[in-house]
Amino acid sequence: MSAKLRVATVSLAGCFGCHMSLLDIDEDLLELLEHIEFDRSPLTDLKHCGPCDLGLIEGGLCNAENIHMLHEFRRQCKVLVAVGACAINGGLPAQRNHLALGAILHQVYRDGRGLAAGSTIPDDPELPLLLDKVRPVHELVHVDHFLPGCPPSADAFREFLGALIAGRPPRLDGPLLRYD
Ligand code: SF4
């Protein structure tokens, strides 16, 4: 295995805000790259996750493709981290959980205001099957760490990744531990 930590990241049912917060560590990213290398990630555009030391999961589970990707990450990553509110508890996408999925689809694609006549619910077989409810990742796989926030701050990423590189437990307290 490479001396550098091999890290993969993915956004499931998320908005990429957690990824943007990771990039917010700014120039420290250059120092970070002396200790880590990226596998599958929006930064590399690799489509599948190879064997990794660390997997960062943004977003919860809203469709079958999310589940497939989550299992791939769990298989390939020694340490799996649920990053942000969506991965930890479903977050904003889970606000649909109190509504019936069929009713939402009808309202958005068929019956809502402003839709063109004849609009229908998309049914291309290549579209991933939607889950009835949005789920947090820990309901399906073991999660080793939780990094809360919407998104977690750049300082929280800095502390968390710095601790893993140094081989010590992350200390997320005070302003680093936030749930907004
Ligand atoms: Fe976006 Fe917040 Fe969800 Fe992160 S936790 S993916 S910032 S909505």
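Residues numbered from 1 in each chain as written. Predicted model: local features only at pLDDT ≥ 70, side-chain atom pairs only at ≥ 80, totals over all residues. Heavy atoms only, no water.

- With an unreviewed UniProt entry as reference, the protein is termed NAD-reducing hydrogenase subunit HoxY, source organism Thauera chlorobenzoica.
- UniProt, in its Cofactor (unreviewed entry) section for the protein, records the words "[3Fe-4S] cluster". (UniProt positions renumbered as here; feature names shortened; annotations may be inferred.)

1. Here's the deal with empty space enclosed by the protein
Next up, step 1: Scanning the entire structure with this criterion turns up one cavity of 30 Å³ or more.
Next up, step 2: Of the voids in this model, the largest cavity is the one considered here, and its volume is about 50 Å³.
Next up, step 3: Forming the walls of the largest cavity are T9, V10, C18, H19, L22, L56, I57, E58, V83 and F157.
Next up, step 4: When its residues are assigned to classes, the lining of the largest cavity shows seven nonpolar, two polar and one charged. (1 Å grid on protein atoms, 1.4 Å probe; cavity = no way out; pocket = protein on both sides within 12 Å on 5 of 7 lines; lining within 4 Å. Points joined across faces, edges and corners; volume = space filled by probe spheres on them. Nonpolar A, V, L, I, M, F, W, Y, C, P; charged D, E, K, R; others polar.)

2. Things to note about a nonpolar patch on the surface
Next up, step 1: On the surface, M20, L23 and L43 cluster together to form a nonpolar patch covering roughly 270 Å² of accessible area.
Next up, step 2: Tracing the sequence through the fold places M20 in helix α1 (residues 17–23). (Patch = residues over 30% accessible without salt bridge, like charges linked within 9 Å, V, L, I, M, F, W, Y side chains within 5 Å. Areas by Shrake-Rupley, 256 points an atom, 1.4 Å probe, with all protein chains shown as cover. Salt bridge = Lys/Arg side-chain N within 4 Å of Asp/Glu carboxyl O. Helix = DSSP H or I, 4+ residues; strand = E, 2+ residues; numbered from the N terminus.)

3. Let's talk about the sheet that holds strand β3 (residues 52–58)
Next up, step 1: Here we have five strands laid out as an open sheet, ordered β2-β1-β3-β5-β7, and parallel in their pairing. A strand with exactly one partner marks an edge of an open sheet, and here the two such strands are β2 (36–38) and β7 (145–147). Ignoring which end each strand starts from, the neighbouring axes of this sheet average 30 degrees apart.
Next up, step 2: As judged from the six bridges shared by β3 and strand β5 (residues 77–83), these two strands associate in the parallel manner. (Pairing = 2+ DSSP bridges. Axes fitted to C-alpha atoms, helices over the stretch in contact; angles between N-to-C directions.)

4. A closer look at the nonpolar core
Next up, step 1: L56, V81, V83 and L147 are the most contacted members of the largest nonpolar core, which has 20 residues in total.
Next up, step 2: Only α1, α2 (28–32), β2, β3, β5 and α6 (154–166) provide two or more residues apiece to this core.
Next up, step 3: By residue number, the principal contributor to this core is α6, which donates five residues.
Next up, step 4: Excluding residues within four positions of it along the chain, V83 makes contact with C18, L56, I57, E58, G59, L147, P152 and F157. (Core = buried A, V, L, I, M, F, W, Y, C linked by side-chain atoms within 4.5 Å. Buried < 20%, exposed > 50% of the residue type's maximum accessible area, 1.4 Å probe, protein only. Contact = heavy atoms within 4.5 Å.)

5. So, the site of the ligand
Next up, step 1: Near the ligand the following residues occur: G14, C15, G17, C18, E58, G84, A85, C86, G149, C150 and P151.
Next up, step 2: Considering each element in turn, the shell around the ligand owes the most residues, three residues, to helix α4 (residues 84–89).
Next up, step 3: Looking at the shell around the ligand, its residues break down into six nonpolar, four polar and one charged. (Near = heavy atom within 4 Å.)

6. So, the pairing of strand β1 (residues 5–11)
Next up, step 1: By the criterion of burial, β1 is predominantly enclosed, with five of the seven residues buried.
Next up, step 2: By the bridge criterion, three bridges tie β1 to β2 in an arrangement that is parallel. Within β2, the residue paired with V7 across the bridge is F38.
Next up, step 3: As defined by bridge partners, β1 adjoins β3 across five bridges and the pair is classed as parallel. Of the residues in β3, the one forming a bridge with V10 is I57.

7. A short note on the environment of P122
Next up, step 1: Along the polypeptide, P122 turns up in the loop between α5 (101–111) and β6 (130–135).
Next up, step 2: For P122, a relative accessible area of 40% translates into the label partly exposed.
Next up, step 3: Considered as a pair, P122 and Y109 are 13 residues apart in the sequence and their alpha carbons are 7.8 Å apart.
Next up, step 4: Among residues more than four places away in sequence, those in contact with P122 are Y109 and L127.

8. Quick word on the layout of surface pockets
Over the atoms a probe the size of a water molecule is rolled, and this reveals where empty space is left.
Next up, step 1: Approximately 380 Å³ is the volume found for the largest pocket.
Next up, step 2: If you trace the largest pocket, you find 15 residues lining it, with L105, Y109, P122, P128 and L130 closest to the centre.
Next up, step 3: For the lining of the largest pocket, the elements supplying multiple residues, two or more each, are β4 (61–63) and α5.
Next up, step 4: Here the lining of the largest pocket gets five residues from one element, more than from any other, and that element is α5.

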